[in-house]
Amino acid sequence: MSTETITYDDVDDPLLEMRDVTAGYGNTTVIHDVNVTVGDGEIACLIGPNGSGKSTLMKSIYGFADVFEGRVRLGGEDVTGRSPQDNLRAGMSYVLQDASVFPGMSVHENMLMGGYVFDDDSRARKRAEELYDEFPRLGDLREQRAGSLSGGQRRLLELARALMVEPDVMMLDEPSIGLEPRYIDQVFERIQQLNDLGTTILLVEQNAEKGLSVADRGFVLASGEIKFTGSGTELLNDEEVGRLYLGG
Amino acid sequence: MAFAQFVVNGLLVGALFAAVAVGFALIWGVVDIINLAHGEMVMLGGYASYWTITLVNGSPTASPGLALASVPVAVAVLFVVGYALQRFVVSHVIGTDLFLTLLVTFGLSILIQQLGLQAFSADPRTISVQFAEQSLDIAGLVVPKVKLIAFVGAVALTIALFAFMKRTRTGRAIRAVSQNDEAAALVGIDVEHVRAVTFGLSSAIAGGAGAFVAMILNIQPQMGLIYTLKSFVIVVFGGIGSVPGALVGGLLLGTVEELTAGFVSSKWTLAVSFTLLIVLLVVKPQGLFGEGMGGEAE
């Protein structure tokens, strides 16, 4: 198992690609020469120790961090440094690690904010209703202030809100963080369902075993560099990865 | 009867304080800046209205219609001024030290005053609004028509802002930025633009209030400080970032000041206002309607 095991050239139908990306914030470089490719319809999981640059990698794709070198492509199109607005319109959405609901707004208002990039509100309202059918619990809570939701409900709202734009690719940063075990399973079931419906998922997960178990492809990031790549199963079974990053 | 008259006077002038303070609250809640140049937006609004009327009429004397027509001009001019100030100056210190943001807006305040002195001179000016009868007599209470217009106008500005925040897409974006700016960027809101629009709206409502101030009081380039101070008191009264709180706080402050001036002395109005502020900060630091420091703009 090594960085050569699977490279971006091995992916038949790449949807999201990072080529030789060096990125960070202002004068600080966090990730170096990173190559990541996620195929259309795949779940890819990025694992690594705290401070390794996992969140920065996602932020550099979405336009929240500065890309100093290299290119990011979505569906073959160069999207390096593109704004979040344009990324959303192009079919990419992102769920942050930290609580990202609007606490003073109702669940429904939060959902509508997920469709902020739509030109007309009626489209957002229609899409929200569709998602309430998929997430009935959220429909029941639609008038409740998001700030009063439990951690699991809030995570569900963040996921549903990110689906407002019907993304082709969805990036999830630590979806299980801070959740009770019963909610963790629900969140991963939901991720699997979304993927079954055709959404490509790039996942950062501290619970590495859980993340890799659902992943078609995995990446291990340490000190801002990709150290290992492989299928989720390969990484789970790799002794060195297990010893260094899975506590095995 | 004197008590009722002072209360009426207080409510009439308090609505203007409220309109000014609503803008102050908005910037504090959304941009997280205590804008010490806010009073200067009132001053500039007063001059925008004054010069509009003077250019149209050849003198600062206006019919009620012309006086009212000058208000949207002040609102529009101050929106542009506020937007530009945020985009080109204040945006560079957002998220830095509170002391730095205070210094920058204080510097802006002094700069605008000096530019005002150069442009308009220190002479006090006022807009003279012509009515056949200057006052109404309502149940024995004297209500000056020009103050009634200013009251209605100030309340209308405040309600319009409240409706804008609740019902428009941009209003929702402003509320989103005030609650969680990173999440706002996540859903595709251009946070810097929204902050500049917020600064523009805040300045616009202060400018509109300034136009009404110019109809009932003298304006001069160094008048801004007192409006900034009163806004601060009102916003803390009402609750940081709360637009309805600022409206109620403004009416309350106006009433308290008029009662103090009427029954004690006008020299004591600021002392009484700030004493109330201190008491409120000790007893109910979140204000009457707010969520405390860092509360959201609604």
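A brief report on the enclosed structure follows. (Residues numbered from 1 in each chain as written. Chains lettered and ligands numbered in written order. Predicted model: local features only at pLDDT ≥ 70, side-chain atom pairs only at ≥ 80, totals over all residues. Heavy atoms only, no water.)

Overview of the packing of aromatic side chains
Condition: In this analysis, rings of Phe, Tyr and Trp, with Trp reduced to its six-membered ring, are considered paired at centre separations within 6.5 Å, and the interplanar angle assigns stacked below 30 degrees, edge-to-face beyond 60, and tilted for intermediate values. The cut-offs for exposure are 20% and 50% of the maximum accessible area for each residue type, with area from a 1.4 Å probe on protein chains only; residues under the lower value are buried, those over the upper are exposed, and the others partly exposed. Over a ring means this: the NZ of a Lys or the CZ of an Arg is within 6 Å of the ring centre and within 35 degrees of the ring normal.
Counting across every chain of the model gives 11 aromatic pairs over all chains. Their ring planes at 85 degrees and their centres at 5.2 Å tell us that Tyr50 of chain B and Trp51 of chain B sit as a pair that is edge-to-face. Judged by its relative accessible area of 8%, Tyr50 of chain B falls in the buried class. Residue classification places Trp51 of chain B among the partly exposed positions, given a relative accessible area of 31%. Grouped by ring-pair contacts, the aromatic residues Tyr62, Phe64 and Tyr94 of chain A constitute a single cluster. Sitting above the plane of the Phe135 of chain A ring, Arg190 of chain A keeps its charged end 4.1 Å from the centroid. Here the basic side chain of Arg169 of chain B rests over the ring of Tyr116 of chain A, its NZ or CZ set 4.1 Å away from the ring centre.

Regarding empty space enclosed by the protein
In this approach, a probe sized like a water molecule rolls over the atoms, and the result shows the empty space that is left. Formally: Cavity and pocket criteria rest on a 1 Å grid covering protein atoms alone: a 1.4 Å probe that fits but cannot get out defines a cavity, protein on both sides within 12 Å along at least 5 of 7 lines defines an open pocket, and an atom within 4 Å of a point defines a lining residue. Grid points are joined across faces, edges and corners, and a volume is the space filled by probe spheres set on the points. Secondary structure elements follow DSSP: runs of H or I no shorter than four residues count as helices, runs of E no shorter than two count as strands, and numbering proceeds from the N terminus. For this classification, Asp, Glu, Lys and Arg are treated as charged, while Ala, Val, Leu, Ile, Met, Phe, Trp, Tyr, Cys and Pro are nonpolar and the rest, including Gly, are polar.
Going through the model one piece at a time under the given rule, you end up with 2 cavities of 30 Å³ or more. In this structure, the largest cavity encloses a volume near 100 Å³. Looking at the largest cavity, it is lined by 14 residues, and the ones nearest its centre are Tyr94, Arg161 and Ala162 of chain A together with Leu186 and Val187 of chain B. Elements with a minimum of two residues in the lining of the largest cavity: β6 (92-95) and α6 (151-162) of chain A. Counted by class, the lining of the largest cavity contains 9 nonpolar, 3 polar and 2 charged residues. When its volume is computed, the second largest cavity comes out at roughly 50 Å³. If you go around the second largest cavity, the residues you meet are Leu112, Met113, Gly115, Tyr116, Asp121 and Ala124 of chain A together with Arg169 and Arg172 of chain B.

Focus on a negative patch on the surface
All names here are of chain A. Note the cut-off: Patch membership needs two things, relative accessible area over 30% and no salt bridge, and members are linked within 9 Å if like-charged or within 5 Å if nonpolar (Val, Leu, Ile, Met, Phe, Trp, Tyr). Only the protein chains shown count as cover for residues, with accessible areas throughout obtained via the Shrake-Rupley method and a probe of 1.4 Å. The rule for a salt bridge is simple: a side-chain nitrogen of Lys or Arg has to be within 4 Å of a carboxyl oxygen of Asp or Glu. When charges are tallied, Lys and Arg are placed among the positive residues and Asp and Glu among the negative ones, while His and the ends of the chain are skipped. For the purpose of locating charges, the reference atoms are NZ of Lys, CZ of Arg, CG of Asp and CD of Glu.
Together, Asp12, Asp13, Asp40 and Asp168 make up a region of like negative charge exposed at the surface. Here Asp168 is to be found in the loop between α6 and β7 (169-173). Note on Asp168: relative accessible area 44%, which makes it partly exposed.

Notes on the layout of surface pockets
Residue and element names in this part refer to chain B. Taken as a whole, the largest pocket spans an internal volume of roughly 290 Å³. When contributions to the lining of the largest pocket are tallied by element, the ones reaching two or more residues are α1 (2-30), α4 (98-120) and α6 (169-179). In terms of residues, the lining of the largest pocket owes the most to one element, α1, which gives 3 residues. Here the residues of the lining of the largest pocket are counted per class, giving 9 nonpolar, 7 polar and 4 charged.

Digging into the pairing of strand β1 (residues 14-25) of chain A
All names here are of chain A. The condition that has to hold: Criterion used throughout: strands pair if DSSP finds at least two bridges between them.
The sheet contact formed by β1 and strand β2 (residues 28-39) spans 8 bridges and is antiparallel. Paired with Gly24 across the bridge in β2 is Thr29. With antiparallel pairing between neighbouring strands as the criterion, β1 and β2 make up a hairpin whose turn holds 2 residues, including Gly26 at a positive phi of roughly 60 degrees. Relative to strand β4 (residues 66-74), β1 runs antiparallel, the two sharing 7 bridges.

Some details on the sheet that holds β7 of chain A
Residues and elements named next belong to chain A. Note the threshold: What counts as an axis is a line fitted to C-alpha atoms, over the stretch in contact for a helix, and the angles between N-to-C directions run from 0 to 180 degrees.
Judged by pairing direction, the sheet is mixed, and its 6 strands sit side by side in the order β6-β7-β8-β3-β9-β10 without closing on themselves. Of all the strands in the sheet, just β6 and β10 (225-230) have a single pairing partner and so form its edges. Neighbouring strand axes in the sheet, compared pairwise and without regard to direction, differ in orientation by 15 degrees on average. Pairing of strand β9 (residues 217-222) with β10, which is carried by 5 bridges, proceeds in the antiparallel orientation.

Some remarks on α6 of chain B
Rule in force here: The contact rule is simple, with two residues in contact once any of their heavy atoms fall within 4.5 Å.
A large share of α6 of chain B lies buried, amounting to 9 of its 11 residues. Here α6 of chain B has its buried residues at Gly171, Arg172, Ala173, Ile174, Arg175, Ala176, Val177, Ser178 and Gln179 of chain B. Looking at the packing, one finds that the buried side of α6 of chain B touches α3 (107-114) and α4 (121-134) of chain A together with α1, α5 (145-167), α7 (181-186) and α8 (191-216) of chain B.

Description of the interface of chain B and chain A
Stated precisely, the cut-off is as follows: As a working definition, buried area equals the accessible area (1.4 Å probe) given up by two parts on being put together, with both sides summed.
At the interface, 19 residues of chain B touch 24 residues of chain A. Interface area, chain B with chain A, both sides summed: about 2,000 Å², of which 54% is carbon and sulfur. Among the residues chain B hides against chain A, the three largest losses belong to Arg169, Leu186 and Val187 of chain B. Together they make up 35% of the total. If you look at where chain B meets chain A, you find 3 salt bridges.

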